[in-house]
There are 2 protein chains.
Amino acid sequence: VPEGLRVVLVAPRNPLNIGAAARAMSNFGFTDMRLVNPYDVAFREARSAVKSHYVLEQAQVFSTVAEAIADCSLVIGGTSVGNRDLHTPLYRLEAAGQLLNNTPAGTSAAILFGSEKFGLSNEDMSHCHWLYRIPAREEHGSMNLGQAVAVTLYELRRKDEAAARRFEESPRAEGAEFERINALLYKLLTDSGYIPERTVEAAEIKLRQLIVRLAIPASDAKTWMGMLRQIQWKIDQQKQS
Amino acid sequence: VPEGLRVVLVAPRNPLNIGAAARAMSNFGFTDMRLVNPYDVAFREARSAVKSHYVLEQAQVFSTVAEAIADCSLVIGGTSVGNRDLHTPLYRLEAAGQLLNNTPAGTSAAILFGSEKFGLSNEDMSHCHWLYRIPAREEHGSMNLGQAVAVTLYELRRKDEAAARRFEESPRAEGAEFERINALLYKLLTDSGYIPERTVEAAEIKLRQLIVRLAIPASDAKTWMGMLRQIQWKIDQQKQS
């Protein structure tokens, strides 16, 4: 991820979205927020909100995109449609994340987000080296601004290695514990009449398979044995009385 | 992605968040929303909002988590902290996405999201086969509910192949066009006095390198030639007059 990535909101209109964008930046560890020509009331409201983030308090305001990105050597834009006229390359967010994460150290990058209603204008996009699109269903309209910022920044922070780390199951109970549970349950089922006397061997195999499929975690084995022993004790007591 | 994945909001309090969750579901192509014990006013407000989604209109309301997930064979929960007492496995969202996307066909899965203020309770989590965490900075508080839903559903829809598809640059101008641009610019710079007569050869090489580094796209080559020819024409005209 380029250090000091700038998140530039162009003409945002809704204070809640400005606040949500700031919160997402904070969540994912980005601090440089820039607002181009925000709706004044919205910006004031967002800033005076109780939970206003330090991100928002430090946000810089510019009157044009050109000024907001004056110190940036890489400018990209989020869009749901792209712009065919400008021939600007358009990628899915997954590829955009890779591209941004592979920029040379020292690249000062900015991501532009358009206004809630209109997105980025052609002029806004003309500042962009390339554009990206969140793979959402177009027929259902563009994404909410705060959510688009959150999803984009998440992609920049996600780690492929973390996805590769598959389901690590907790260690299973060992064979001996297994057999003890098996024996306890077998006696319980015989004593209670669930297993008829004449099908002993087949029943034993079936029961063992049932228990194997449970995949009892090692840390739970003693608890299960305790429960089974207690039930057995209750049955034994009733027989005696 | 499991077909018909259920998105279960447990005790949501803010109508805007309920609406944002519905919008994110629609954006990423999920329709089965379930609300457990939502704050009544919030649910009514969200439903009567102008842009209420069909997702929200079809949402089912339950009074307990158990009822909401009665038809689900896999239940997972989103959390920023997990629960050490329950020993429920906790994964990063990247791994959670892989796990969910690799469930056998026909798995009826549900994701639980806790309330804005408290997240999932211990009781809520006791229904979960495993938990996941969005890799956000904990010191900055949990994520906004609508954003958490958006980020989670994005992870389920993202494609590794799309990330592998790296920057495809547009085809560059070919050698011949290149040399024409080079020649045009060279003449222009000589005629205008930028290149002194005596350093001809070194200047030619330097200029060619400058142009090579521009990486002129094939589709732009003619435009550049046109511009250079026009400037040359203007200079030639001034010489004649």
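Residues numbered from 1 in each chain as written. Chains lettered and ligands numbered in written order. Predicted model: local features only at pLDDT ≥ 70, side-chain atom pairs only at ≥ 80, totals over all residues. Heavy atoms only, no water.

Draft legend 1. How the structure looks around the interface of chain A and chain B. Across the boundary between the two partners, chain A contributes 44 residues, which contact 44 residues of chain B. For the pair chain A and chain B, the two sides together bury roughly 3800 Å², of which 54% comes from carbon and sulfur. Put simply, chain A and chain B have 2 salt bridges between them. Note that arginine 158 of chain B and glutamate 155 of chain A form a salt bridge whose closest N and O atoms lie 2.8 Å from each other. If you look at where chain A meets chain B, you find 10 residue pairs in polar contact (both at pLDDT 80 or more). Those elements that place two or more of their residues in the side of chain A that touches chain B are helix H1 (15-27), strand E5 (90-92), helix H5 (93-101), helix H7 (145-157) and helix H8 (160-164) of chain A. For the side of chain A that touches chain B, the class distribution of residues is 21 nonpolar, 11 polar and 12 charged. (Contact = heavy atoms within 4.5 Å. Buried area = accessible area lost by both parts, 1.4 Å probe. Salt bridge = Lys/Arg side-chain N within 4 Å of Asp/Glu carboxyl O. Polar contact = N/O pair within 3.5 Å; in protein donor to acceptor, adjacent residues only side chain to side chain. Helix = DSSP H or I, 4+ residues; strand = E, 2+ residues; numbered from the N terminus. Nonpolar A, V, L, I, M, F, W, Y, C, P; charged D, E, K, R; others polar.)

Draft legend 2. Examining the sheet that holds strand E4 (residues 74-78) of chain A more closely. All names here are of chain A. Across the sheet, which stays open at both edges, the 7 strands sit in the order E3-E2-E1-E6-E4-E7-E5 with parallel pairing between neighbours. Each edge of the open sheet is held by one strand with a lone partner, namely strand E3 (60-62) and E5. Neighbouring strand axes in the sheet, compared pairwise and without regard to direction, differ in orientation by 30 degrees on average. Both strand E2 (residues 32-36) and E3 contribute to a ladder of 3 bridges, which runs parallel. Across the sheet, the residue bridging to leucine 35 is valine 61, located in E3. In the packing of H7 onto the sheet, contacts are made with strand E1 (6-10), strand E6 (109-113) and strand E7 (130-133), and the angle to E6 comes to roughly 150 degrees. (Pairing = 2+ DSSP bridges. Axes fitted to C-alpha atoms, helices over the stretch in contact; angles between N-to-C directions.)

Draft legend 3. The arrangement of the environment of glycine 175 of chain A in detail. Examined against the element boundaries, glycine 175 of chain A turns out to sit in helix H9 (residues 175-191). It is 54 Å that separates the C-alpha atoms of glycine 175 of chain A and glycine 4 of chain A, two residues lying 171 residues apart in sequence.

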